[in-house]
Amino acid sequence: MQKGNHNLLNHNDIIASFAKLLSALCEEGEFRYEPDYLTEIFESILEAEIGNDLNLRTKMINCIKTSKMLAKALESFSDQQIENACIEIINA
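Overview of the structure. All figures in this text were calculated on a predicted structure; none of them were measured in a lab. Positions within a chain are numbered from 1, following the residues in the order the chain's sequence is written. The predicted origin of the model limits local features to residues at a pLDDT of at least 70 and limits the giving and counting of side-chain atom pairs to 80 or more, whereas totals for whole chains, interfaces and linings rest on all residues. Excluding hydrogens and water, the side-chain figures rest on all heavy atoms present in the structure.

1. Overview of the pattern of salt bridges
Think of it this way: side chains of opposite charge can pair up when their charged atoms draw near.
Logical step 1: Salt bridge, as used here: a side-chain nitrogen of Lys or Arg that lies within 4 Å of a carboxyl oxygen of Asp or Glu. If you walk through the whole model with that rule in mind, you get 2 salt bridges.
Logical step 2: R32 serves as the salt-bridge partner of D79, at 2.9 Å between the closest nitrogen and oxygen. Of this pair, D79 sits in helix α4 (residues 79-91) while R32 sits in the loop between α1 (2-28) and α2 (34-47), placing them 47 residues apart in sequence.
Logical step 3: Buried, partly exposed and exposed residues are distinguished by accessible area as a fraction of the type maximum, computed with a 1.4 Å probe on protein chains only: under 20%, between the cut-offs, and over 50%, respectively. By relative accessible area, D79 is classed as partly exposed at 39%.
Logical step 4: Exposure remark for R32: the relative accessible area of 28% places this residue in the partly exposed category.
Logical step 5: The salt bridge partner of K72 is E75, with a shortest N-O separation of 3.0 Å.
Logical step 6: On the basis of relative accessible area, K72 is assigned to the exposed category, the value being 57%. Each helix corresponds to a stretch of at least 4 residues labelled H or I by DSSP, and each strand to a stretch of at least 2 residues labelled E; elements are numbered beginning at the N terminus.

2. Regarding the environment of G51
Logical step 1: Looking at the element boundaries, G51 is found in the loop between α2 and α3 (54-74).
Logical step 2: Exposure remark for G51: the relative accessible area of 0% places this residue in the buried category.

Encoded structure:
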């Protein structure tokens, strides 16, 4: 029983950490536009000689993909809804 409570505590800590992350992203604003910003930046890098590095290209693609997934997951919510949810989770 105690082990189950320990696992629940870890899950709650993880959720609270994600809530703090989302809250910080919302304060920064413009997180919804970051996939476009990253794409623009990376396209410029890819046109330069440094962009010929396959490892670097893979990292850039992964960053864009992660950023798009975050924006997609949150697109149906307003910034205020996200902020309110984060506050509730952090204070729980």
